[in-house]
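So you can see what is in the structure, the chains are spelled out below.
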Amino acid sequence: MNINPFEEKPLKTSEDYYNWRELALRPYNKFDVDPYTRVRIILACGAEYEAVWFSHQFHRHEADNDVRRELANLRRKEQQQQKRLASLKPIGEGILEHTIGYEQLAVDLTAIFAQREKDAYVRQAMDFALLEDFDHLYRYADLLEMDKGIIAEKLLGGYTELMPGRPTIAEHRFPADEVKRHVNFAKADSLTKLDLNILTAAEQQTMNYYMNQANFYQNKLGRQLFTEIGMIEEQHVTLYGGLKDVSCTWTEELLMHEYTECYLYYSLWQDETDRQVKRVWERHFNDELCHLHKAAELLQKQEGKHWQQVIPKGEFPQLLKFSPNVEYIRGVLKNTVNVTSVEEDYGEVGSLPKDSRFFLYQSQVNVKDSEVASHGVIAKYIADNGTDYRYQTKEHPVPALRDRTKDNTSVGRMA
């Protein structure tokens, strides 16, 4: 039976801060860490970044300095939590190795959420973005082996396959087509609200990571790949962020953010296999209990609302638990690889008129296939090795993507 965080008593106050020693945790060993421990750390970092970013935006839109002081107090602790989590990454883990963790997180997290999602429209969005992150993982994996001689399969623990998804070259769409219908949180299932908050945070962190790391890579092709995929992650942030309810007030959003973090840390705590990291989740969960209770107080004080008016059932729903999703992803690939985004909905690329915005944008951005980094990485790997690098448990579910001697740039893109 899951707990109700509103009924749990925090161990300490929200103004109990970490010292410098507590901010510098012992990093995990990249050679023997369970891949899902790495994934959990990346996810929690993203949740903390989102908490800080949201708090700053709230601060800039709030005139009452008493409220802004409360936000500053909460925000400082969220910053400390993020720094603790970031310190768990070992110095010897390179940018591209860490990127493999980012994409494994995106793939498996999205697949897990899609399989439990009750809202068909939201699930469709998850399946849509899933195939794109899956393809990103494949292209980064080939770059990693080509440049560093590191086999991504080992970093993934065999949990996640490495093979083409919807080709990245086909993912570049007219910006307005990323905007979807927002969900009514008053009617939505609690898992829908939690999952959208978590996915938005995760994709936003990935977008920012690629934006900031792109030009630190060692060669031009790698820099271009980070830049290109970073643009797709921006599309995903627009997609997921746009599904969230736009009618929530700032204080209601604060409560939902803190509830989401409580849910996330409690889930990670229950799921974790590493003893040291498990203690981090437990402590951060208690931190977030303080923040949640403070957010509930602010909601009552500022708007005269009880927390149950925003979150009717405080008890946590089904917890997040990481596990392989190979067969589910294969099914989505087989059935939707040629789907693209069309305004608020989706459609087969082959059904689009020749003058559609999708083809217009493609013609402007992807002038020549040879200039597109996501294609260039695979083309170079094949030129050097004869075939691409993959990890598959069986034959690719899409016949057009089975040829390992040629990178397909037509799937999901050509009418």
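Bear in mind the structure is a predicted one, so any value in this text is a computation, not a measurement.

So, how was this worked out
- Residues numbered from 1 in each chain as written.
- Predicted model: local features only at pLDDT ≥ 70, side-chain atom pairs only at ≥ 80, totals over all residues.
- Heavy atoms only, no water.
- Helix = DSSP H or I, 4+ residues; strand = E, 2+ residues; numbered from the N terminus.
- Buried < 20%, exposed > 50% of the residue type's maximum accessible area, 1.4 Å probe, protein only.
- Core = buried A, V, L, I, M, F, W, Y, C linked by side-chain atoms within 4.5 Å.
- Contact = heavy atoms within 4.5 Å.
- Pairing = 2+ DSSP bridges.
- Phe/Tyr/Trp six-rings, centres within 6.5 Å; stacked < 30°, edge-to-face > 60°.
- Lys NZ or Arg CZ within 6 Å of the ring centre and 35° of its normal.
- 1 Å grid on protein atoms, 1.4 Å probe; cavity = no way out; pocket = protein on both sides within 12 Å on 5 of 7 lines; lining within 4 Å.
- Points joined across faces, edges and corners; volume = space filled by probe spheres on them.
- Nonpolar A, V, L, I, M, F, W, Y, C, P; charged D, E, K, R; others polar.
- Salt bridge = Lys/Arg side-chain N within 4 Å of Asp/Glu carboxyl O.
- Axes fitted to C-alpha atoms, helices over the stretch in contact; angles between N-to-C directions.
- Parallel < 35°, antiparallel > 145°, perpendicular 65-115°, else oblique.
- Left-handed = near helix turned anticlockwise from the far one by under 90°.
- Expected span 1.5 Å × (residues − 1).
- Polar contact = N/O pair within 3.5 Å; in protein donor to acceptor, adjacent residues only side chain to side chain.

1. What about unusual backbone geometry?
The backbone of Glu343 sits at a positive phi, close to 50°, despite the residue not being glycine. By the element assignment, Glu343 lies in the loop between strand S1 (339–342) and strand S2 (345–348). Overall, Glu343 belongs to the partly exposed group, its relative accessible area being 43%.

2. Looking at the nonpolar core
Of all hydrophobic cores here, the largest spans 113 residues; its most connected members are Leu109, Leu255, Trp281 and Phe322. Ranked by residues supplied to this core, first place goes to helix H5 (residues 120–148) with 16 residues. Filtering out sequence-adjacent residues up to four positions away, Leu255 remains in contact with Phe6, Leu292, Ala295, Ala296, Leu299, Trp307, Val310 and Ile311.

3. Section: the pairing of S2
Across four bridges, S1 lies against S2 in antiparallel orientation. Bridge pairing in S2 links Thr340 to Gly347. Following S1, the chain reverses through two residues before pairing antiparallel with S2; Glu343 in that reversal takes a positive phi of roughly 50°.

4. Points about the packing of aromatic side chains
Taken as a whole, this structure holds 23 aromatic pairs when the rule is applied. On the basis of an interplanar angle of 50° and a centroid distance of 5.9 Å, the ring pair of Tyr209 and Tyr210 is categorised as tilted. Among the residues examined, Tyr209 registers a relative accessible area of 13% and is labelled buried. Three or more aromatic residues joined by ring pairs make a cluster, and in this case those are Phe6, Tyr259, Tyr263, Tyr266, Trp269, Phe285, Trp307 and Phe316. For the cation-ring pair, Lys77 lies above Tyr18, with the distance from its terminal atom to the ring centre recorded as 5.0 Å.

5. Thoughts on empty space enclosed by the protein
By the definition in use, this model includes four cavities of 30 Å³ or more. Volume-wise, the largest cavity comes out at about 110 Å³. As for the largest cavity, its lining consists of 13 residues, of which Glu50, Asn197, Ala201, His257 and Thr260 are closest to the centre. Mapped onto the lining of the largest cavity, the elements with two or more residues apiece are helix H2 (35–60), helix H7 (190–213) and helix H9 (250–271). Across the lining of the largest cavity, the residue classes tally to six nonpolar, four polar and three charged. In this structure, the second largest cavity encloses a volume near 50 Å³. Forming the walls of the second largest cavity are Ala51, Phe54, Ser55, Leu71, Leu74, Arg75, Glu78, Leu254, His257 and Glu258. When residues of the lining of the second largest cavity are traced back to their parent elements, those giving at least two are H2, helix H3 (65–86) and H9.

6. Looking at the pattern of salt bridges
Considering all chains together, one arrives at 30 salt bridges under this definition. Glu97 is the salt-bridge partner of Lys30, the closest N and O atoms lying 3.0 Å from each other. Of this pair, Lys30 sits in the loop between helix H1 (20–23) and H2 while Glu97 sits in helix H4 (residues 95–116), placing them 67 residues apart in sequence. Per residue, the accessibility class of Lys30 equals that of Glu97, and both read buried. Overlapping salt bridges, with partners in common, bring together Arg40, Asp271, Glu272 and Lys321 in one network.

7. Considerations on the packing of H5 against helix H8 (residues 220–243)
At their nearest, the axes of H5 and H8 sit 11 Å apart, and the two run at 165° to each other. When the axis of H5 is compared with that of H8, the two are roughly antiparallel. In this structure, H5 meets H8 at a crossing whose hand is left-handed. Only Leu221, Gly222, Leu225, Phe226, Ile229, Ile232, Glu233, His236, Leu239, Tyr240 and Leu243 of H8 make contact with H5, whose side of the interface consists of Tyr121, Ala125, Met126, Ala129, Glu132, Asp133, His136, Arg139, Tyr140, Leu143 and Met146.

8. Considering the environment of Val372
Mapped onto the elements of the fold, Val372 is located in the loop between helix H12 (357–365) and helix H13 (373–385). Each C-alpha atom of the pair Val372 and Glu228 lies 8.0 Å from the other, and the pair is 144 residues apart in sequence. Apart from residues lying up to four places away in sequence, Val372 is in contact with Ile169, Glu228 and Asn366.

9. What about H5?
With 29 residues, H5 should cover 42 Å at 1.5 Å per step; its first-to-last C-alpha distance of 41 Å lies within 8% of that length. Between a side-chain oxygen at the N-terminus of H5 and the backbone nitrogen of Tyr121 the separation is 2.9 Å; the capping residue is Asp119. Gly149 occupies a position one or two residues after H5 and carries a positive phi of about 70°.

10. What to know about helix H10 (residues 275–303)
The end-to-end C-alpha distance of H10, which contains 29 residues, comes to 42 Å, matching closely the 42 Å that a straight helix rising 1.5 Å per residue would cover. For H10, the side-chain oxygen to backbone nitrogen distance between the N-cap and Gln276 is 3.0 Å, and the N-cap itself is Asp274. Positioned one or two residues after H10, Gly304 has a phi angle of 65°, which is positive.

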